[in-house]
Amino acid sequence: MQIVRDLGGYSLGRSDMVRRAMSKKKHSVMEQERKNFIYGIVDENGNVEVPGCLRNGISEKAANEIFDQMMDFASYAFYKKVNDYYV
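The structure displayed is predicted, hence computed values, not measured ones.

A.B. asks: Which residues make up the overall build of the protein, and what are the values?
C.D. replies: Secondary structure summary: the protein contains five helices and four strands in total. In the protein, the succession of α and β elements from N to C terminus is α-α-α-β-β-α-α-β-β. For the protein, the residues scored as buried account for 30% of the 87 residues in total. Restricting to contacts in the protein with at least 6 residues of sequence separation, those with at least 24 account for 49%. Of the roughly 5800 Å² that the protein leaves accessible, carbon and sulfur atoms contribute 52%.

Structural data, given as structure tokens:
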């Protein structure tokens, strides 16, 4: 949660949403969050809701590598329950 807050400019609530998506292995949500993490979120009025890594001076390559590491960590940190077993 701290990574997306510090590097991507996420709020506490939005960073918790990322944590929940990681823990539940929601890959489609995480791929959308990858875009938000790197490029940020701008609403229809042009207001920046989430600055994203690029606006915070982090290269796209570095941001992708960091997000990949977060995804790898999530595979180990959050187990998925399948048929009464955690995998």
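That was the structure; now back to the text.
A.B. asks: Which residues make up the side chain of arginine 34, and what values go with them?
C.D. replies: Looking at the element boundaries, arginine 34 is found in helix H3 (residues 27–39). Take arginine 34: its relative accessible area is 13%, and that puts it in the buried class.

A.B. asks: Now, about the environment of glutamate 33: what can you tell me, with residues and values included?
C.D. replies: Its location among the elements puts glutamate 33 in helix H3. We classify glutamate 33 as buried; its relative accessible area is 3%. Sequence separation between glutamate 33 and methionine 17 is 16 residues; the distance between their C-alpha atoms is 9.5 Å. Setting aside residues up to four positions removed in sequence, glutamate 33 forms contacts with Tyr10, Arg14, Met17, Val18 and Phe67.

A.B. asks: Residues and numbers for the pattern of salt bridges, please.
C.D. replies: For the coordinates displayed, the defined rule picks out six salt bridges. Its salt-bridge partner being aspartate 16, residue arginine 20 comes within 2.7 Å of it at the nearest N-O pair. Placement of the pair is arginine 20 and aspartate 16 together in helix H2 (residues 12–23), with a separation of four residues, close to one helical turn. Residues glutamate 31 and arginine 34 are paired through a salt bridge, measuring 3.3 Å at the closest nitrogen-oxygen approach. One end of the pair, glutamate 31, and the other, arginine 34, are both in helix H3, three residues apart, so they sit about a helical turn from each other. What makes glutamate 31 partly exposed here is its relative accessible area of 39%.

A.B. asks: Which residues make up the packing of aromatic side chains, and what values do they have?
C.D. replies: Summed over the entire model, instances satisfying the criterion amount to one aromatic pair. Centroid distance phenylalanine 37 to phenylalanine 67: 5.6 Å. Interplanar angle 45°. Geometry classified as tilted. In this pair, phenylalanine 37 is assigned in helix H3 and phenylalanine 67 in helix H5 (residues 60–77), connecting sequence segments 30 residues apart. Looking at phenylalanine 37, the relative accessible area reads 0%, which means it is buried. Assessed through its relative accessible area of 1%, phenylalanine 67 is described here as buried.

Conventions adopted
Residues numbered from 1 in each chain as written. Predicted model: local features only at pLDDT ≥ 70, side-chain atom pairs only at ≥ 80, totals over all residues. Heavy atoms only, no water. Helix = DSSP H or I, 4+ residues; strand = E, 2+ residues; numbered from the N terminus. Buried < 20%, exposed > 50% of the residue type's maximum accessible area, 1.4 Å probe, protein only. Contact = heavy atoms within 4.5 Å. Areas by Shrake-Rupley, 256 points an atom, 1.4 Å probe, with all protein chains shown as cover. Salt bridge = Lys/Arg side-chain N within 4 Å of Asp/Glu carboxyl O. Phe/Tyr/Trp six-rings, centres within 6.5 Å; stacked < 30°, edge-to-face > 60°.

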